[in-house]
Amino acid sequence: MTHLVILPVLLPLVAGSLLLLAARFGDAARRAIGLVATLALLPLAVLLLDRVADGTHLVYALGDWAPPFGIVLVADRLAAVMLLLTAIVALASLVYAGAGDDTRGPQYHALFQFQLLGINGAFLTGDLFNLFVFFEVLLIASYALLLHGLGAQRVGAAMHVVVLNLIGSALFLFAVGTLYAVTGTLNLADLARVMPLLGPDVAPLARSGALLLLGVFALKAALLPLGFWLPRAYAAATGATAALFAVLTKVGVYAILRVYPLVFGPGAGEVANVAAAWVLPVALVTLAFGALGVLAARTLRMSAGWMVVYSVGTLLAAVGLFSEAGYAAAVYYTAHSTLASAALFLVSDLIARQRLVGGDRFEVVDAMPHGAVLGTLFFVTAVTIAGLPPLSGFIGKLFVLEAASAAPGAVVIWSVLLVAALVVIVAVARSGSALFWRTAPATTSAWPPALDRRAVGAIAGLLACVVGLVAWGGVATSYAWETARQLADPAGYVSAVLGADEGAHEQRRSLR
Amino acid sequence: MEALVAIAIGVLTGTGVFLLLRARTFPVLLGLTLLSYGVNLFLFVSGRLVVGSSPLTDQGLQAYPDPIPQALVLTAIVIGFGMTALLVVLALRAIRDTGGDHVDGGER
């Protein structure tokens, strides 16, 4: 058993606690601790990725309690790639926050680490209740980060987020309780093992538990009709926080991708493919609505918020195919959309900060200060996120379309995807020309603030990763395919976690 | 016994949902609290109700309560408590910042 698996959870925990204790240190010291801890996540994630790249599941039994009795952490290809994405986005976001966001309220760096603790834990856990706990950890940190710097608009948006997510938590517990009552276990691998054995008398209960759970994950992933809270909240958050939040919706998508193929997959007997009828249609509606939202937004940050909804829709349309090709497309698209959305939030925030008049509203005002730098950053981000060639958005979309072509109803999926993509391209082109090209005579003679190198560097780093997704596209797509193969075959996960130790389960089963 | 507990959970959840749909933060807060009571009770009985038995397993004991839901519900109570506390602070802050206790901010 290797302790490597728990390090991505322990490191932010230790760093966050240290930062709480270091409250009296100066800003520079806290910034340094936060940066070092976040930077250290990067090699950790790469190391994990390397260890699981051959298809092994690294299983870590906490306290050495054998599963299914104790809680396990499981690192496989999907978890490792999500950890790497989180580390990259977190680093960029923290560097960006170093440009001034982090001193607008107390304890920013500690909260940031606790947020990472929750996210990494949610990606690694192999236990449904533990997933709930990590969700709560990341949520409570995200509420505090959302409120960072305060302001009436932010408090109002946070109120909605907190209330909705508390309802989501209650539903999560109802779902967990139902599944536990039916199966007597909460370990994901054990759940996958027990599901096919359920008789028709308890199967409806298990099915309602599964669908309740899907509702909760849909709320976290901001699927419509549960996603209206997202754009306003993300637009209200500070730029660096919003960029990190680009990972948060992916946690919901990850949970769907983790739980449904594994526990309620085609081999689950009475409850097989319970989510199949729901995810795809809802995802398509989300996608269409997200595209309209982008078109209707009147500020760049609001349009970035809707862009997250749109990309989650695309992503879950791929997941909703519940096929190997769909999973592969989803993995690639997740990588692309996480990086691109984070970059878009940072760019929007930087533009809002640099533009002396008008902020990030689409209004005809003075020429954009530092137009060349900001324009280039915005242009590359826009090309990526709108899915234009040659950047990763195009490849991701192609991947999704190709996966959908084999599915029933491919015509509908293709039309929705393509029309929505066109709408988004129009919207992004309009925002770009409104912000950069259509200018009025100068109304202010004030000198614009100098561009912060850290802010530009953070955005450029994210965009470099996006370009990397294309330059090493072969590696990325083959990794996505291997991940999909691993997801489509839950038997590997189950035997890795539970091992050959069948006797223990039987003993426990007979005790109940 | 089962029916009684089921009705209690139903009433708690129903009242909670009703209060959640109010437009002021205080009833919403109460609603969330009631909802979490309902959830906790539900989680607690998901290990089945056992009457007249020792709280933990004993040699030769046929029926004993499942300890896992008890552990789960303890965790859920702690988390729910923390979240409610946060929401109270947030609601008070919202009244100060927006001048009203409407859930959408301000006085409507």
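Residues numbered from 1 in each chain as written. Chains lettered and ligands numbered in written order. Predicted model: local features only at pLDDT ≥ 70, side-chain atom pairs only at ≥ 80, totals over all residues.

**Q** Please explain the overall build of chain B as it appears in this structure.
**A** The secondary structure content of chain B amounts to 3 helices and 0 strands. Start at the N end of chain B and walk to the C end: the helices and strands fall as α-α-α. Within the span of chain B, comprising 108 residues, buried residues form 32% of the whole. Pairs at least 24 apart in sequence give 46% of the contacts found in chain B among residues at least 6 apart. (Helix = DSSP H or I, 4+ residues; strand = E, 2+ residues; numbered from the N terminus. Buried ≥ 20, exposed ≤ 12 C-beta atoms within 10 Å, placed from the backbone. Contact = placed C-beta atoms within 7 Å.)

**Q** I would appreciate a short explanation of the overall build of chain A in the present structure.
**A** Scanning chain A from terminus to terminus reveals 20 helices and 2 strands. In terms of overall dimensions, chain A is globule-like: its C-alpha atoms have a radius of gyration of 22 Å, near the 24 Å expected for 512 residues. Principal-axis analysis of the C-alpha atoms places the extent of chain A at approximately 80 × 60 × 40 Å. Within the span of chain A, comprising 512 residues, buried residues form 59% of the whole. Nonlocal contacts in chain A, meaning residues at least 24 apart in sequence, comprise 80% of its contacts between residues at least 6 apart. (Rg over C-alpha atoms; globule rule 2.2 N^0.38 Å.)

**Q** Looking at this model, I keep getting lost on unusual backbone geometry. Mind explaining?
**A** Among all residues save glycine, negative phi is the norm, and among peptide bonds the norm is trans. All names here are of chain A. Omega for the peptide link from Leu224 to Pro225 comes to 5°, which places this bond in the cis form. Tracing the backbone through its elements, the reader meets Pro225 in the loop between helix H8 (203-221) and helix H9 (229-236). Between Pro389 and the following residue, Pro390, the backbone shows a cis peptide bond with an omega angle of 10°. The backbone of Ala222 shows a phi angle near 65°, a positive value even though the residue is not glycine. Structurally, the position occupied by Ala222 is in the loop between H8 and H9.

**Q** Would you take a moment to explain the pairing of strand E2 (residues 72-75) of chain A for this structure?
**A** Note on strand geometry: in a regular strand, side chains alternate between the two faces of the sheet. All names here are of chain A. Burial along E2 is two-sided: Val72 and Val74 facing one way and Leu73 and Ala75 facing the other are all buried. Relative to E2, strand E1 (residues 58-61) is paired through 4 bridges, and the arrangement is antiparallel. From the neighbouring strand, Val59 faces E2, where its bridge partner is Val74. (Pairing = 2+ DSSP bridges.)

**Q** Looking at this structure, how should I read helix H19 (residues 490-498) of chain A?
**A** In an α-helix, one turn spans 3.6 residues; hence positions three or four apart end up facing the same way. Residues and elements named next belong to chain A. Among all positions of H19, only Pro490, Tyr493, Val494, Val497 and Leu498 are buried. Burial along H19 is one-sided: seen end-on, the buried residues are contained in an arc of 105°. Downstream of H19 by a residue or two, Gly499 has a phi angle that is positive, lying close to 65°. (Arc of directions from axis to C-beta.)

**Q** Explain the interface of chain A and chain B to me, please; I cannot follow it from the model alone.
**A** By a frequent convention, interface size equals the accessible area lost on bringing the separate parts together. With 20 residues of chain A in contact, the opposing surface of chain B contributes 26 residues. For the side of chain A that touches chain B, the elements supplying multiple residues, two or more each, are helix H5 (128-147) and helix H6 (152-183) of chain A. When residues of the side of chain A that touches chain B are assigned to their parent elements, the largest contribution, 15 residues, is made by H6(A).

**Q** Would you take a moment to explain the nonpolar core for this structure?
**A** Taken as a class, soluble globular proteins show a tendency for nonpolar side chains to be buried jointly. One finds A:Val89, A:Ala158, A:Ala243, A:Ala343 and A:Ile459 to be the most contacted residues of the largest nonpolar core, which totals 237 residues. In terms of domain composition, this core takes at least three residues from each of domain 1 (1-274) and domain 2 (276-442 + 450-489) of chain A. (Core = buried A, V, L, I, M, F, W, Y, C linked by C-beta atoms within 7 Å. Domains from an automatic or database assignment.)

**Q** What exactly am I supposed to notice about the packing of helix H10 (residues 239-263) of chain A against helix H13 (residues 324-354) of chain A here?
**A** Packed helices, taken two at a time, are described by their axes: the angle between them and the distance between them. Residue and element names in this part refer to chain A. The interhelical angle for the contact between H10 and H13, taken along N-to-C directions, is 165°, at an axis separation of 7 Å. Here H10 lies roughly antiparallel to H13, going by the angle between them. Here the hand of the crossing between H10 and H13 comes out right-handed. Residue-level contacts link Gly239, Ala242, Ala243, Ala246, Val247, Lys250, Val253 and Leu257 of H10 to Tyr327, Ala330, Thr334, Thr338, Ser341, Ala342, Phe345, Leu346, Ser348, Asp349 and Leu350 of H13. Taken together, the residues that form the contact of H10 with H13 break down as 12 nonpolar, 5 polar and 2 charged. (Axes fitted to C-alpha atoms, helices over the stretch in contact; angles between N-to-C directions. Parallel < 35°, antiparallel > 145°, perpendicular 65-115°, else oblique. Left-handed = near helix turned anticlockwise from the far one by under 90°. Nonpolar A, V, L, I, M, F, W, Y, C, P; charged D, E, K, R; others polar.)

**Q** Is there a simple way to think about the domain arrangement of chain A in this case?
**A** Residues and elements named next belong to chain A. Segmenting chain A into domains produces domain 1 (1-274) and domain 2 (276-442 + 450-489). Once you take the C-alpha centre of each, domain 1 and domain 2 turn out to be 22 Å apart. In this assembly, 37 residues from domain 1 lie in contact with 48 residues from domain 2. Broken down by element, the residue count for the side of domain 1 that touches domain 2 peaks at 11 residues, all from H10. Class assignment for the residues of the side of domain 1 that touches domain 2 results in 27 nonpolar, 7 polar and 3 charged.

**Q** Would you explain the confidence of the model for chain B in this entry?
**A** As a note on interpretation, predicted positions should not be read in detail where pLDDT is low. All names here are of chain B. Chain-level pLDDT for chain B is 85 on average; 89% of the residues reach the 70-or-more range. Per-element averaging of pLDDT across chain B places helix H3 (residues 67-98) at the bottom with 88 and helix H1 (residues 2-20) at the top with 94. Across the interfaces of the predicted complex, the ipTM metric reaches 0.93, alongside a pTM of 0.92. (pLDDT = per-residue confidence, 0-100.)

**Q** I tried to follow H9(A) on my own but got confused; where do I start?
**A** Most of H9(A) sits inside the fold, with 6 of its 8 residues counted as buried. Of the residues making up H9(A), those classed as buried are A:Leu230, A:Pro231, A:Ala233, A:Tyr234, A:Ala235 and A:Ala236.

**Q** Where do I start with the packing of helix H3 (residues 77-97) of chain A against H10(A) in this structure?
**A** Residue and element names in this part refer to chain A. At a minimum axis separation of 8 Å, H3 and H10 run at an interaxial angle of 170°. In terms of their interaxial angle, H3 and H10 are classed as roughly antiparallel. For the pair H3 and H10, the contacting residues are Leu78, Met82, Leu85, Thr86, Val89, Ala90, Ala92, Ser93, Tyr96 and Ala97 in the first and Gly239, Ala240, Ala243, Leu244, Ala246, Val247, Tyr254, Leu257 and Arg258 in the second. When its residues are assigned to classes, the contact of H3 with H10 shows 15 nonpolar, 3 polar and 1 charged.

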